[in-house]
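Secondary and tertiary structure notes
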Amino acid sequence: MEKFLELGQIVNTKGLKGEVKVNSFSEDSTRFERIKKIFLKKKNELKEYEIQKVGYSKNQVILKFKGIDTIEQAETLRNTYILVDRDSLEKLPEGVYYIADLIGLEVYTQENILIGKVEDIFSTGSNDVYVVKDEEGKEKLLPGIDEVIKQIDIENKKIIVNLIEGL
């Protein structure tokens, strides 16, 4: 498992006092309120920052970092990714996983037939959709519902699914 998880991307500045606009990758954008320190990734370099203030505007999170006090300083953070140490996050409830932990898992039918690997996961609003790619590059979209996703085994890097009619 990855030590760091991506929580969002800084996409712009806000105002003149060093605040930045963030597109959150988390289902729970209020998670930023419970995090004290984050890491910013730019060109494979990680630098630690302390969150001083969290706000919201439309569907974006507004962050103010300690030591970033001008628009010019904030501008240097644009397009960086926000990462957090996995150990600093709260424990997930049973049956809930970080997307980063599911990407790359092999997907098998209940009959133990390999379908492919999880390439991506996206949300439709009502449920997640797992994008599974086979060895030939063909994609299969699987709804993340209990009727389809039967078992997720992070340790063995395996997901068992029930291919209902129409899939």
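Structure report, in brief.

About the criteria used
- Residues numbered from 1 in each chain as written.
- Predicted model: local features only at pLDDT ≥ 70, side-chain atom pairs only at ≥ 80, totals over all residues.
- Heavy atoms only, no water.
- Helix = DSSP H or I, 4+ residues; strand = E, 2+ residues; numbered from the N terminus.
- Buried < 20%, exposed > 50% of the residue type's maximum accessible area, 1.4 Å probe, protein only.
- Salt bridge = Lys/Arg side-chain N within 4 Å of Asp/Glu carboxyl O.
- Polar contact = N/O pair within 3.5 Å; in protein donor to acceptor, adjacent residues only side chain to side chain.
- Contact = heavy atoms within 4.5 Å.
- Phe/Tyr/Trp six-rings, centres within 6.5 Å; stacked < 30°, edge-to-face > 60°.
- Pairing = 2+ DSSP bridges.
- Axes fitted to C-alpha atoms, helices over the stretch in contact; angles between N-to-C directions.
- Core = buried A, V, L, I, M, F, W, Y, C linked by side-chain atoms within 4.5 Å.

**Here's the deal with the overall build of the protein chain**
- Within the protein chain one finds two helices and 12 strands.
- The order of helices and strands in the protein chain, counted from the N terminus, is β-β-β-β-β-α-β-α-β-β-β-β-β-β.
- Considered along the principal axes of its C-alpha atoms, the protein chain spans approximately 60 × 30 × 30 Å.
- Residue burial in the protein chain is summarised as follows: out of 167 residues, 36% are buried.

**Focus on the pattern of salt bridges**
- Applying the stated criterion to the full structure yields six salt bridges.
- Here Asp85 and Lys3 are joined by a salt bridge, their closest N and O atoms 2.8 Å apart. Of this pair, Asp85 sits in strand β6 (residues 81-85) while Lys3 sits in the segment before β1 (4-14), placing them 82 residues apart in sequence.
- On the accessibility criterion, Asp85 (17% relative accessible area) is buried.
- With a closest N to O distance of 2.7 Å, Glu75 and Arg78 form a salt bridge.
- Under the relative-accessibility criterion, Glu75 is labelled partly exposed at 35%.

**Some remarks on the side chain of Arg31**
- Within the element layout of this structure, Arg31 appears in the loop between β2 (19-24) and β3 (37-42).
- A polar side-chain atom of Arg31 sits 2.9 Å from a polar atom in the side chain of Ser26.
- When sequence neighbours within four positions are dropped, the list of residues in contact with Arg31 reads Leu7, Ser26, Leu89, Glu90, Leu92 and Tyr98.

**So, unusual backbone geometry**
- At Lys43, a residue that is not glycine, the phi angle is positive and equals roughly 50°.
- In this fold, Lys43 is placed in the loop between β3 and β4 (45-57).
- Assessed through its relative accessible area of 78%, Lys43 is described here as exposed.
- Even without being glycine, Asn79 reaches a positive phi, approximately 70°.
- Within the fold, Asn79 resides in the loop between α1 (71-75) and β6.

**Some words on the packing of aromatic side chains**
- Across all of its chains, the model carries three aromatic pairs by this definition.
- Ring centres of Phe4 and Phe39 lie 5.0 Å apart, and the angle between their planes is 70°; this geometry places the pair in the edge-to-face category. Here Phe4, found in strand β1, pairs with Phe39, found in strand β3; they are 35 residues apart in sequence, far enough to count as distant.
- Taking 5.5 Å as the distance between ring centres and 45° as the angle between the ring planes, the aromatic pair formed by Tyr49 and Phe65 counts as tilted. Taken as a pair, Tyr49 in strand β4 and Phe65 in strand β5 (residues 60-65) lie far apart in primary sequence, 16 residues in all.
- When its relative accessible area of 13% is taken as the criterion, Tyr49 is described as buried.

**Describing the environment of Asn162**
- Mapped onto the fold, Asn162 is located in the segment after β12 (158-161).
- For the pair Asn162 and Asp146, spaced 16 residues apart in sequence, the C-alpha separation works out to 9.2 Å.

**As for the sheet that holds β2**
- Pairing is antiparallel around the closed barrel formed by six strands, whose spatial order is β1-β2-β5-β4-β3-β6. Direction aside, the axes of adjacent strands within the sheet are offset by 50° on average.

**Some words on the nonpolar core**
- Residues Leu63, Phe65 and Ile82 are the most contacted members of the largest nonpolar core, which totals 21 residues.
- The set of elements that each furnish at least two residues to this core consists of β1, β2, β3, β4, β5 and β6.
- For Leu63, the contacting residues outside a window of four places in its chain are Gly18, Glu19, Val20, Val22, Phe32, Ile51, Lys53, Val54 and Ile82.

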